[in-house]
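Structural overview
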Amino acid sequence: MSQGVRTRPEGSGQTLSGAYDTALLDLDGVVYAGGSAIAHAVDSLRSASAGGMHLAYVTNNALRTPDTVAAHLTALGIPTAASDVITSAQAVARLIAEQVPSGARVLVIGGEGLRVALRERGLVPVESADDDPAAVVQGFGGPELPWGRFNEACYAIARGVPWFASNTDLTIPSVRGIVPGNGAGVEVVRIATGAEPQIAGKPLPPMHRETILRTGAKRPLVVGDRLDTDIEGAFNGEVDSLLVLTGVTDAAQLLAAPPQHRPTYVDADLRGLLTGQPEVTGAGDGFRCGGWTAKAGAERLELDGDGASLDGLRALCAAAWTAAGEGTCALDAEKALARLGL
């Protein structure tokens, strides 16, 4: 993917599972939500794998270990090895190991995924600021994480100990709705200390580096549901991306996306891996995709046609992104989106 201003989603005559050697898949909001598989995810991934596409799972959630994630995916019906799971815990552990001596103690504010990743790098997890840590690492600890863990982070940071965060996602999806993510906890510590952590997870380079090192992907496709992590991470890594609308991003947010948040492809769910992507073409002063045409009017996006709603959304993206240029689209899209039922 070329760095720059994307003005429309791209088309693909091949299935995406045939055009790319490796799918770098986010988990929450893409494969499952709250532990349960998202509709069409299992069958789509099994078919993509059977066709020769390597599936790798790249998550900012540092709570669970790769073994646990692989077992969960396998139980859902997607056979997965631990080596196919890359977490922000692994990325941040590598980042820390590059800056502290082997065998150094690291204060953990988070779950077992962080502890396992630190041990893999020859570091020693500890629980208290009084254990003389060389670093503090903060990752998602789940809803049961005690508030006192934030206190330990603050005590150590106040003593000058460097602070690392696995990721800064403010929210994560669950079965019952959107809930606070690790970024919310990072904000608690930031407010209390005035410090700034070194961050490893998507969309930043340490996570992309960890992913490529572990997968060996030559032509990867990032698949995600978040514009500010998955899609921006693909943009930063200069690789192509597929946004699926099964997680936190809705159609209105997609239309308003700035250049670094504009995916190469967009589809409703993971069935998009198994199909080609319809091309968006110019049509007078607007854009056509399938049975829909869209253009930017003086005050709003205008949509006309009938057919698949995703084709209409792709055409609207082209109109919105072209009108926005380097910025975000400020045109009223509510009526246009209502026609699509999105």
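The sections below set out a description of the structure shown in this document. (Residues numbered from 1 in each chain as written. Predicted model: local features only at pLDDT ≥ 70, side-chain atom pairs only at ≥ 80, totals over all residues. Heavy atoms only, no water.)

**A closer look at the overall build of the protein**
To keep things clear, this is the line we draw: Only DSSP runs of H or I with at least four residues qualify as helices, and only runs of E with at least two residues qualify as strands; both kinds are numbered from the N terminus onward. In this description the radius of gyration comes from C-alpha coordinates, and the expected globular size is given by 2.2 Å times residues to the power 0.38. Burial classes: relative accessible area under 20% of the type maximum marks a residue as buried, over 50% as exposed, and values in between as partly exposed (1.4 Å probe, protein chains only). In what follows, a contact means two residues having at least one pair of non-hydrogen atoms within 4.5 Å. Reported accessibility uses the Shrake-Rupley method at a 1.4 Å probe radius. Residues are deemed covered only where the shown protein chains occlude them.
Each helix and strand in the protein was counted, giving twelve helices and 19 strands. Its C-alpha atoms give the protein a radius of gyration of 21 Å, near enough to 20 Å, the size a compact globule of 342 residues would have. The principal-axis extents of the C-alpha atoms in the protein amount to approximately 65 × 45 × 35 Å. Across the 342 residues of the protein, 54% fall into the buried class. Restricting to contacts in the protein with at least 6 residues of sequence separation, those with at least 24 account for 70%. Of the roughly 13,800 Å² of accessible surface on the protein, 51% is carried by carbon and sulfur atoms.

**Focus: the packing of helix 4 (residues 88-97) against helix 8 (residues 205-215)**
Short version of the rule: Helix axes are fitted to C-alpha atoms over the stretch in contact, other axes to C-alpha atoms as well, and angles between N-to-C directions run from 0 to 180 degrees. Under this scheme an angle from 65 to 115 degrees is roughly perpendicular, one under 35 degrees roughly parallel, and one over 145 degrees roughly antiparallel; angles in between are oblique. Under this grouping Gly is polar, as are all residues other than the nonpolar Ala, Val, Leu, Ile, Met, Phe, Trp, Tyr, Cys and Pro and the charged Asp, Glu, Lys and Arg.
Their axes nearest at 9 Å, the elements helix 4 and helix 8 cross at an angle of 105°. Considered as vectors, helix 4 and helix 8 are oriented roughly perpendicular to each other. Across the interface between the two elements, Ser-88, Gln-90, Ala-91 and Arg-94 from helix 4 touch Pro-206, Met-207, Arg-209, Glu-210, Leu-213 and Arg-214 from helix 8. In terms of residue class, the contact of helix 4 with helix 8 is made up of four nonpolar, two polar and four charged.

**Regarding the packing of helix 6 (residues 148-158) against helix 7 (residues 182-193)**
Here is the rule we go by: In this scheme the handedness of a crossing depends on how the near helix is turned from the far one: anticlockwise by less than a right angle means left-handed, clockwise means right-handed.
Two elements in contact, helix 6 and helix 7, have axes whose closest approach is 10 Å; the angle formed by their N-to-C orientations is 40°. The angle between helix 6 and helix 7 places the two elements in the oblique class. Every pair of crossing elements has a handedness; the one defined by helix 6 and helix 7 is right-handed. Between helix 6 and helix 7, the contacting residues are Phe-150, Ala-153, Cys-154 and Ile-157 on the first element and Gly-185, Val-188, Val-189, Ala-192 and Thr-193 on the second. Considering only residue class, the contact of helix 6 with helix 7 consists of seven nonpolar, two polar and no charged.

**Topic: the pattern of salt bridges**
This is how the line gets drawn: Think of a salt bridge as a Lys or Arg side-chain nitrogen and an Asp or Glu carboxyl oxygen that are within 4 Å of each other.
Counted by the stated rule, this structure contains 20 salt bridges. A salt bridge links Glu-98 to Arg-209; the shortest N-O distance between them is 2.9 Å. Of this pair, Glu-98 sits in the loop between helix 4 and strand 6 (105-109) while Arg-209 sits in helix 8, and the two are 111 residues apart along the sequence. The partly exposed category is assigned to Arg-209, whose relative accessible area is 35%. One salt bridge in this structure joins Arg-190 and Glu-187, with 2.0 Å as the shortest N-O distance. Taken together, the positions of Arg-190 and Glu-187, both in helix 7 and three residues apart, correspond to about one turn of that helix.

**Describing the pairing of strand 17 (residues 286-289)**
Note the threshold: Two strands make a pair as long as DSSP finds a minimum of two bridges between them.
Pairing of strand 16 (residues 281-283) with strand 17, which is carried by three bridges, proceeds in the antiparallel orientation. Residue Thr-281 lies in a different strand from strand 17, and its bridge partner there is Arg-288. Between strand 16 and strand 17, which pair antiparallel in sequence order, lie two residues; one of them, Gly-284, sits at a positive phi of approximately 65°. Pairing between strand 17 and strand 18 (residues 292-296): three bridges, direction antiparallel. Its bridge partner being in strand 18, Cys-289 is matched across the sheet by Trp-292. Taking the residues that link successive antiparallel strands as the turn, the strand 17-strand 18 hairpin has two residues, and the phi of Gly-290 there is positive, at about 60°.

**So, the layout of surface pockets**
To keep things clear, this is the line we draw: Points on a 1 Å grid over protein atoms alone make up a cavity when a 1.4 Å probe fits among them but cannot get out, and a pocket when they form an open set with protein on both sides within 12 Å along at least five of seven lines; lining residues each have an atom within 4 Å of a point. Grid points are joined across faces, edges and corners, and a volume is the space filled by probe spheres set on the points.
The computed volume of the largest pocket comes to approximately 590 Å³. In terms of lining, the largest pocket is formed by 29 residues, of which the most central are Phe-140, Gly-142, Pro-143, Ile-172 and Pro-180. Listed by contribution, the elements that provide at least two residues to the lining of the largest pocket are strand 10 (171-174), strand 11 (177-180) and helix 7. Of the residues assigned to the lining of the largest pocket, the class counts are 15 nonpolar, twelve polar and two charged.

**Observations regarding helix 4**
Most of helix 4 sits out of view: nine of its ten residues are buried. Along helix 4, the residues that are buried comprise Ser-88, Ala-89, Gln-90, Ala-91, Val-92, Ala-93, Arg-94, Leu-95 and Ile-96.

**A few points about the packing of aromatic side chains**
What counts, and what does not: What counts as a ring pair is set by centres within 6.5 Å for rings of Phe, Tyr and Trp (its six-membered ring), and what kind of pair is set by the plane angle: stacked under 30 degrees, edge-to-face over 60, tilted for all other angles.
What the rule picks out here adds up to two aromatic pairs. Their ring planes at 75° and their centres at 6.3 Å tell us that Tyr-20 and Tyr-265 sit as a pair that is edge-to-face. Placement of the pair is Tyr-20 in the loop between helix 1 (16-19) and strand 1 (22-25) and Tyr-265 in strand 15 (residues 265-267), with a sequence separation of 245 residues. Note on Tyr-20: relative accessible area 3%, which makes it buried.

**Details of the sheet that holds strand 17**
In space, the four strands of this open sheet follow the order 16-17-18-19, with antiparallel pairing throughout. What marks the edges here is a single partner per strand, and that holds for strand 16 and strand 19 (301-305). Geometrically, the sheet is characterised by an average inter-axis angle of 30° between neighbouring strands, direction not taken into account. Helix 11 (residues 309-324) contacts strand 17, strand 18 and strand 19 of the sheet and is inclined by roughly 20° relative to strand 18.

**Points about the sheet that holds strand 12 (residues 198-199)**
Pairing is parallel in the open sheet, where five strands are placed in the order 7-6-8-9-12. Of all strands in the sheet, those with a lone pairing partner are strand 7 (124-126) and strand 12, marking the two edges. Examined bridge by bridge, strand 6 and strand 7 share three bridges and lie parallel to one another. Residue pairing for strand 7: Leu-107 is matched across the bridge by Val-126.

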